[in-house]
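Listed below are the residues making up each chain.
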Amino acid sequence: MYSIGVDSGSVATKAVLFNGKIVEKLIIPTGWSPQTTSHEAVNLLLNKSKIDRDRVEKVIGTGYGRVSMAFAHKTVTEITCHGKGAYFLNSRVRTILDIGGQDSKVISLDGHGNVIDFAMNDKCAAGTGRFLEVMSNVLGIDVRELDDLTKNIDPEPITSMCTVFAESEVISLLAKGVSKEKIASGIIHSVANRGLSILNKINISEEIVFTGGIANSKGIKRIIEEKSKHSLYVPRESQIVGALGAAVIGWKLLNKDL
Amino acid sequence: MPDYREMWKSLKMDIEKHDQLCEILPRFYEDIYLSQENRPEAMNYYNFVVSEVHGLRIQELEEHRSKGGKVIGSFCVFVPDEIIDSGGAIGVGLCGGSEFWEPDGERVLPRNTCPLVKASIGAKISSTCPYFQSCDLIVGETTCDGKKKSWEILRDYIPVHVMDLPQMKREKDNISWQDEIKIFMERLETMTGNRVTTEKLSESIKLMNRKRKTLMRLYNTRKSHRLPISGKDALLISQIAFYDNTERFIEKTNELCDELEKRIEDSISVFEDDTPRILVSGTPMAIPNWKLHHIIETSGGAVVCEETCTGTRYFENLVDEGGKTLDEQIKALADRYLNINCACFTPNMGRTEDIVRLYREYNAHGVVYFTLPFCQTYATEFKKVKDVLDREGIPVIMIETGYSLQDTGQIKTRLEAFFEMLDTDKGRAASK
């Protein structure tokens, strides 16, 4: 008996096969059709693990594309799923900071992994993966290079919150002859500051779990740690926490007494 | 529907543009309202009122005017209806609740003005709202800076009288508000040629109190464990209360209440039993702004009460009917109206107390704190409200959103997550 959790995000679709522990997981680009991609993610996951479809008794959908998952038995919001996923990985978790492709959120949990409070970014993509991607494009670098490029570099402050305005700001800084490294450092500081401001919206615990694609950036993690004076724990599975939580919810539905 | 085009033309309306508005509204209403299942029979009256919103009611106002009567438009629950009624005039609420009017508002106002002010001003300068066109005088007030400065602009289009609402609730503020009521009364008397007498004012006070009691009766049915009416429908009724004929509104709403009370006896509900019950608190929702209620009630929640100007702030607390002289009556009016806890006051802890009280009275599970964009007073007041709600263990989520529907998806996710959170809360309470 298995459960599957599918997290259809704006950039990547994540899927986890679960039977009390993580059996298999995968991450694929969402592309233009969340509907097709989430379906494909389930099939790929089953192929990869050589498990028959009929042994999977619960599929739970989450993420912004959850509305188009006709095959899911149930859909749950990414907020609840992130809570369950992070709690499964580490039951001491009380605060989760998640920065994804187009939104950022902070979630507060009780001692049982239930959400007790949360806050999300406003409707724009400021301080998210999309912001980082657009800015890297302007600099002509790959997002993955940002960490190395900015090591020990003082930031050139980027003051615009809005992705569109920040883009023109970066272009004019380049025109002024400010170094790529300083601008890049300014960019990751800007993302970190947005993360900090959303953390300030709720009561946070000593140790914070940092998830979502942005958690892969050591630079951003370090800045948030320094400024918040809290340590951030980035699980190895940081990008699949939502999908994992969905799978855990499915598993709990299958084993109501557990 | 009869043809009202001649009437609209005589009101100097922009018929072509108004046609565009008339095209959107019925479909919008159908999607949001007529799609609901198991609606009370008596809601048909309000369906009719909405279908005739720019027709029959305007015709009534025009008939009143043709006999020399005056129509007074207002934008706020602080403008005393009793004075307007006792002066022989008809009062209508004018706030704009559609994004249709925002671009016209932006012709004269900064973009970062709240949608309610933009739409209200836009409705006038685009000549597409027949209520505005029927008004002989607009009564503004000083509840926020956006409105305060807008009156100066509106004066170029229509006569405006501004009431200076105090922003604190000390004795001297009460005296000052009594003065403002008198000044308004005198202006009205000059305009209509009618004298406001103790007898007339006493009748008007009783009439408006009856309207408040009727709305209270309606809201009381929403305290029931099984909800006989949706939050959307209740909101619509509150909105209609601002411009419908008062006597008819009281009669029809009492008929609805009879039906709702019968439903409670028969355990008939428009929601599943375990639906999270939501108290909405915050900025007013002018017709046809039904957005938040619609999203809540299509995301698994039910609105049980509105702590807003289109909710409890409109009808809670009655005016004392014992005044023997005009001065005593005006003092009674000031006492009642200054008891409204609007975020324009400082400090305003009375509002937080109201929210906690209503949360309990209506057996709510959570609070959705609603604010329109750029509404500084309500957005800022959230901090103090949340501090108290946190201390009381009352879950709350802040939703800031305007009239446009483009952010519906994001709001839905937040609200669904909030309801999931309330659900585990209920589960815990039950397992204790």
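Residues numbered from 1 in each chain as written. Chains lettered and ligands numbered in written order. Predicted model: local features only at pLDDT ≥ 70, side-chain atom pairs only at ≥ 80, totals over all residues.

1. Details of the overall build of chain B
Counting secondary structure elements, chain B contains 19 helices and eight strands. The C-alpha radius of gyration of chain B comes to 21 Å, within 12% of the 22 Å expected for a compact globule of 432 residues. Oriented by its inertia axes, the alpha-carbon framework of chain B measures out at about 70 × 50 × 45 Å. Looking at chain B as a whole, 50% of its 432 residues qualify as buried. For chain B, the proportion of contacts with a sequence separation of at least 24, taken over those separated by at least 6, is 74%. (Helix = DSSP H or I, 4+ residues; strand = E, 2+ residues; numbered from the N terminus. Rg over C-alpha atoms; globule rule 2.2 N^0.38 Å. Buried ≥ 20, exposed ≤ 12 C-beta atoms within 10 Å, placed from the backbone. Contact = placed C-beta atoms within 7 Å.)

2. Describing the nonpolar core
Note on soluble globular proteins: their nonpolar side chains tend to be buried together. Ile4(A), Val6(A), Ala247(A) and Leu279(B) are the most contacted members of the largest nonpolar core, which totals 188 residues. The biggest single contributor to this core is helix 8 (residues 241–254) of chain A, with eight residues. Apart from the residues lying within four places of it in its own chain, the contact partners of Val6(A) are Thr13(A), Ala15(A), Ser38(A), Ala41(A), Val42(A), Val59(A), Gly61(A), Met69(A), Ala72(A), Ala243(A) and Ala246(A). (Core = buried A, V, L, I, M, F, W, Y, C linked by C-beta atoms within 7 Å.)

3. Side note on the sheet that holds strand 1 (residues 71–74) of chain B
Picture the strands of a sheet paired through backbone hydrogen bonds; they go either parallel or antiparallel. All names here are of chain B. Read across the sheet, four strands follow the order 2-1-3-4 without closing on themselves; strand pairing throughout is parallel. Each edge of the open sheet carries a strand with a single partner, namely strand 2 (90–93) and strand 4 (160–163). Here the average twist between neighbouring strands, direction ignored, is 25 degrees. Summarising the sheet, strand 1 and strand 3 (residues 137–141) pair through three bridges and their orientation is parallel. Its bridge partner lying in strand 3, Ile72 is registered against Leu137. (Pairing = 2+ DSSP bridges. Axes fitted to C-alpha atoms, helices over the stretch in contact; angles between N-to-C directions.)

4. Some thoughts on helix 2 (residues 78–89) of chain A
One full turn of an α-helix is made of 3.6 residues, so residues set three or four places apart face in the same direction. All names here are of chain A. The terminal C-alpha atoms of helix 2, which comprises twelve residues, lie 16 Å apart, in line with the 16 Å expected from a rise of 1.5 Å per residue. Where burial is concerned, most of helix 2 is hidden: twelve out of the twelve residues are buried. Within the span of helix 2, buried status applies to Glu78, Ile79, Thr80, Cys81, His82, Gly83, Lys84, Gly85, Ala86, Tyr87, Phe88 and Leu89. (Expected span 1.5 Å × (residues − 1).)

5. What to know about the interface of chain B and chain A
Listed by partner, the interface residues are nine residues for chain B and ten residues for chain A. Residue composition of the side of chain B that touches chain A, by class: two nonpolar, three polar and four charged. (Nonpolar A, V, L, I, M, F, W, Y, C, P; charged D, E, K, R; others polar.)

6. Topic: the sheet that holds strand 7 (residues 366–371) of chain B
All names here are of chain B. Reading across the sheet, the four strands line up as 6-5-7-8 and stay open at both edges, with parallel pairing between neighbours. Of all strands in the sheet, those with a lone pairing partner are strand 6 (302–307) and strand 8 (396–400), marking the two edges. Taken over all neighbouring pairs, the strand axes of this sheet differ in orientation by 25 degrees on average, direction set aside. The sheet contact formed by strand 7 and strand 8 spans five bridges and is parallel.

7. Overview of the environment of Ile295(B)
Residues and elements named next belong to chain B. Here Ile295 lies in helix 14 (residues 291–297). C-alpha separation for the pair Ile295 and Leu415, spaced 120 residues apart in sequence, amounts to 8.3 Å. Here Ile295 is in contact with Thr408, Ile411, Lys412 and Leu415, once residues within four sequence places are set aside.

8. Observations concerning the pairing of strand 1 (residues 2–8) of chain A
Residues and elements named next belong to chain A. Counted residue by residue, strand 1 has seven buried out of seven residues, so it is predominantly covered. Of the two faces of strand 1, the one carrying Tyr2, Ile4, Val6 and Ser8 and the one carrying Ser3, Gly5 and Asp7 are both buried. Across six bridges, the pairing between strand 1 and strand 4 (residues 56–62) is parallel. From the neighbouring strand, Tyr2 faces strand 4, where its bridge partner is Val56. Where strand 1 and strand 2 (residues 12–18) come together, six bridges link them in antiparallel fashion. Bridge pairing in strand 2 links Ser3 to Phe18. In sequence, strand 1 turns back onto strand 2 through a hairpin of three residues.

9. Digging into the domain arrangement of chain B
All names here are of chain B. For chain B, the domain assignment lists domain 1 (5–194) and domain 2 (204–318 + 342–431). Between the C-alpha centres of domain 1 and domain 2 the distance comes to 23 Å. Every contact between the two is made by 42 residues of domain 1 and, on the other side, 45 residues of domain 2. If you list the elements that add at least two residues to the side of domain 1 that touches domain 2, you get helix 2 (15–34), helix 3 (43–51), helix 4 (56–66), helix 5 (81–86), strand 2 and helix 7 (115–125). Tallied by class, residues from the side of domain 1 that touches domain 2 come to 21 nonpolar, eleven polar and ten charged. (Domains from an automatic or database assignment.)

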